[in-house]
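Observations on the model geometry
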Amino acid sequence: MKRLHHTLVTVLCMLLVHSMVAQSPTKLWFDKPATCFEESFVLGNGKMGASVFGGVVSDKIYLNDATLWSGEPVNPNMNPDAHNFIPQIREALANEDYELADKLNRNVQGKFTESYAPLGTLFIDFDHQKNAEKYYRELDINNAVSKVTYQVDGVTFTREYLISHPHQIMAVKLTTDKESALNFRVKFNSLLKYKTVVENNIFKADGYAPYYVAHNIQKYVKDPIRFDEDRGTRFSSYIKIKNLGGEVSYTDSSLIVTGANEAILYLSIATSFNGFDKDPAKEGVDNKAITNQQLSLAIKKNFDEIKTVHLVDYQGLFSRVNLNLGETTAPNIPTDERLKRYFHGAEDKNLEVLYFQYGRYLLISSSRTKGVPATLQGIWNPYLQPPWCSNYTMNINVEENYWMAETANLSELHTPLFSYIKNLSQTGAVTAKTFYGVDKGWAACHTSDIWAMSNPVGDFGKGSPQWANWNMSGTWLVTHLWEHYQFTQDQDFLKNEAYPLMKGSAEFCLNWMIEDKDGKLITSPATSPENTYLTNDGYKGHTLYGGAADLAMIRESFLQLIEASKILNIDGDLRVELEQALEKMLPYKIGKKGNLQEWYHDWKDADSQHRHQSHLFGLHPGTHITTELTPELATACRKTLDIKGDESTGWSKGWRINLWARLQDGNHAYKMYRTLLHYVEPSGLYTNYSKGGGTYPNLLDAHPPFQIDGNFGGAAGVVEMLLQSHKGYIHLLPALPDIWSEGSVKGLCARGGFEVSMVWSKGKLDKVEILAKKGGKTTLEYKGRKKYIDLADGQSIQLKW
């Protein structure tokens, strides 16, 4: 009895000491295995993705490859006569017949996107009992390494997981502290079509994705998932095990390790994807040869060698930024409990740091493949028919994924989006002509996929114009090109990559806009992303003319192109045309409630708290609405946000953090940040807007269901609270919340090619260090005081405030 009492006291003391240790700002951890995706740890190298469950009897790992999608190259000329309906829609709108306009707009639709596919699931089945003791698993985002450890019958088992970008391999190290105690079986399964074989002790799974997957809202499609062995993207997944002690044997469907002291599992995957315009079945790359080559090179290295190279690569990106928000009294408890505690109002500054850095971790892990940006779910998806096809939703979501790429010092990770925009412009030139009757430039619409589909969706008339018919994503996307130039000052990029795409988008807009009855330039037909207006006579509609969101995006893109043409000293005539168009465009309007009008008329929203706030684009991510230069418009934006309230979906909360920061209201931005971190129970495929979004146990964003954009938007919002540079100068601590009275940050980026580090205390800036990556002049501002600096390339300066 005394012995039992002593053991209990020892355990309780250990738990107490453990809980008193401050929470790490770079670790997620749990004291039990994951039971669902929203509890798993996600790993990635920008192409391969893995979701690790860390099971005891059986460990499950979902596998993805960023280039594995359903479908094949799109035919952009899918609805060649669609543009013939544009004059009819415009006439209906001119007659204020909005119901007819909605009906006619359904004729200006094409196919849905294809879907991002799950590659398969890896199972590691162990020969021991379920009731493990001292279970612990963690994801260390400082190293991009996950670990699991537990005891069974007094034997300690440990697993360590990583996915290396340099080696293009996943490596899992399995160890035990008892000799010959490691016994397990490795199996593979996939929702795709595949065959397995073992050759030269290498387990090989080769298969192919569907050539068609219906959107999960297309309940009327009788055969929603279609396979053909002669069509679709090919994939390979090869596994090799190196063991220390014991034996490795195999069957046709598994690798078996018995009596080992240690084992290293090497996993290599590849697909036949060879570009958006190449048939992956007939013109694809040799996925088998690539997978073999990656594996053969990796197995020459031991785990520590692979890990060392992995850390150099990963930390070269991740360690650029460090954030400290001061002392915390939060106990060291599992991440899910930590979230719940925070949800109830408790302080946890390191959780706030962790969420920010987790956003950076996710971007590094999901965006390193040319022409393949992070999807709605990053690169992590276990479903064959995922929510919203796990595609590129371009009326906010894919753009939100990249808001922090420049500001959070991860500029290289922005480039997959740029090469994708170039792909989109090629199909988009056909879309501009066939859907909109515009012979110049290019257009893109609501959603897209790896095949750079640019048409409006809806399945040729079956979709509501509310979400199907919006056509301004090209205009939004090209603003990212200008932002990249602003931060890098790379004129070669501006001239050779950005400018042609920006120009093509502007040419479409110039030829798409028409005059209203007062001679003002507007878009017609238009929709405001996913929102619904309520006319004065009670009609709930979607199709309109002169929507503020369209014009905000066009205005921003024109202003940027004008500046680019001046820098490059080209296209003087086009510059004049753009300037004239800006003068002629319908200006913003302020409604009777003091809000920024979303609609041409001062109509109500059918849902006053709708998740989208696209008409606030000029405030953020745009730059032409500011508290200084356009105070009345900024006040109207504030009123709009007040009307909408604070509760919304995860990604929308992420956007609102940035909007409130741009309004220089740090306390409200922080309130939204806390709201974004509301704990949400795992929900799988279940979609529920009514309860609002937040954060799942593994810190992934809950729309719900899982969407990664909220993670990225939230991280971007932290930067906007601490540093802004969109007004032509560097604004230090522009929206610092009162709660963050002490802190420091290293490595944030400002426009002009500057890197900024700061220390503050008692809510006031103490000192700042500016590094010029390119050299140049800028102005620093803090609380109305300005300092002018002129730095050479690579020069830095420290200033006390």
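Because the structure is a prediction, the values reported are computed rather than measured.

About the criteria used
Residues numbered from 1 in each chain as written. Predicted model: local features only at pLDDT ≥ 70, side-chain atom pairs only at ≥ 80, totals over all residues. Heavy atoms only, no water. Axes fitted to C-alpha atoms, helices over the stretch in contact; angles between N-to-C directions. Helix = DSSP H or I, 4+ residues; strand = E, 2+ residues; numbered from the N terminus. Parallel < 35°, antiparallel > 145°, perpendicular 65-115°, else oblique. Left-handed = near helix turned anticlockwise from the far one by under 90°. Contact = heavy atoms within 4.5 Å. Nonpolar A, V, L, I, M, F, W, Y, C, P; charged D, E, K, R; others polar. Core = buried A, V, L, I, M, F, W, Y, C linked by side-chain atoms within 4.5 Å. Buried < 20%, exposed > 50% of the residue type's maximum accessible area, 1.4 Å probe, protein only. Phe/Tyr/Trp six-rings, centres within 6.5 Å; stacked < 30°, edge-to-face > 60°. Pairing = 2+ DSSP bridges. Salt bridge = Lys/Arg side-chain N within 4 Å of Asp/Glu carboxyl O.

Our focus in this paragraph is the packing of helix α5 (residues 303-318) against helix α7 (residues 349-366). Their axes nearest at 10 Å, the elements α5 and α7 cross at an angle of 130°. If you check the angle between α5 and α7, you find them oblique. Regarding α5 and α7, the two cross each other, and that crossing is right-handed. Residues Tyr314, Leu317 and Phe318 of α5 lie in contact with α7, whose contacting residues are Gln357, Arg360, Tyr361 and Ile364. Classifying every residue of the contact of α5 with α7 by side-chain character gives five nonpolar, one polar and one charged.

A separate point is the nonpolar core. Most often, soluble globular proteins have nonpolar side chains that are buried together. Formed by 232 residues in total, the largest nonpolar core has its most connected members in Met170, Phe558, Leu722 and Leu732. Broken down by element, the residue count for this core peaks at 11 residues, all from helix α13 (residues 491-512). For Leu722, the contacting residues outside a window of four places in its chain are Leu323, His731, Leu732, Leu733, Pro734, Leu736, Trp740, Val745, Leu748, Met758 and Trp760. Val145, Leu162, Tyr238 and Phe303 belong to the second largest nonpolar core, which has 12 residues in total.

If you walk through the whole model with that rule in mind, you get 35 aromatic pairs. Their ring planes at 45° and their centres at 5.5 Å tell us that Phe37 and Phe706 sit as a pair that is tilted. Here Phe37, found in the loop between β1 (27-30) and β2 (41-44), pairs with Phe706, found in the loop between β28 (701-702) and α19 (709-722); they are 669 residues apart in sequence, far enough to count as distant. When sorted by exposure, Phe37 lands in the same class as Phe706, which is buried. With 5.9 Å between their ring centres and 25° between their planes, Phe112 and Trp467 make a pair best called stacked. Residue Phe112 is located in the loop between α3 (98-105) and β5 (120-126), and its partner Trp467 is located in helix α11 (residues 465-468); the two are separated by 355 residues in the primary sequence. Ring pairing ties together the aromatic residues Trp69, Tyr116, Tyr392 and Tyr420, which thus form one cluster.

To continue, consider the sheet that holds strand β7 (residues 145-152). Spatial ordering of the open sheet is given by β1-β6-β7-β8-β9-β18-β15-β12-β11, a layout of nine strands whose pairing is antiparallel. Unpaired on one side and paired on the other, β1 and β11 (193-199) mark the two borders of the sheet. In this sheet, adjacent strand axes meet at a mean angle of 15° when their direction is disregarded. Relative to strand β18 (residues 262-271), strand β9 (residues 169-176) runs antiparallel, the two sharing six bridges. Looking at the pairing, Val172 lines up with Leu265 of β18.

Once that is clear, we can look at the pattern of salt bridges. Using the criterion set out here, one finds 32 salt bridges in the structure. Across the pair Lys566 and Glu563 runs a salt bridge, and its minimum N-O distance is 3.7 Å. Within this pair, Lys566 and its partner Glu563 are both found in helix α14 (residues 548-568), separated by three residues, close to a single helical turn. By relative accessible area, which is 42% here, Lys566 ends up partly exposed. Notably, a salt bridge pairs Arg662 with Glu720, separated by 3.0 Å at the nearest N-O pair. Placement of Arg662 in helix α17 (residues 650-662) and of Glu720 in helix α19 is noted, with a sequence separation of 58 residues between them. We note that Arg662, like Glu720, is buried. One salt-bridge network, held together by shared partners, links Asp31, Lys32 and Asp336.

By secondary structure assignment, the location of Lys593 is in the loop between α15 (572-584) and β26 (604-605). In the structure, Lys593 is positioned 50 residues away from Ile643 in sequence and 9.2 Å away in space, judged by C-alpha atoms. Once residues within four sequence positions are removed from consideration, Lys593 is found in contact with Lys639 and Ile643.

Further remarks concern the packing of helix α10 (residues 415-436) against helix α12 (residues 473-488). Two measures define how a pair of helices packs: the angle their axes make with one another and the distance between the axes. Two elements in contact, α10 and α12, have axes whose closest approach is 10 Å; the angle formed by their N-to-C orientations is 140°. Comparing the axis directions of α10 and α12 gives the class oblique. In this structure, α10 meets α12 at a crossing whose hand is left-handed. Counted together, Leu417, Phe418, Ile421 and Leu424 of α10 and Leu477, His480, Leu481 and His484 of α12 form the full contact between these two elements. A class-by-class count of the residues in the contact of α10 with α12 yields six nonpolar, two polar and no charged.

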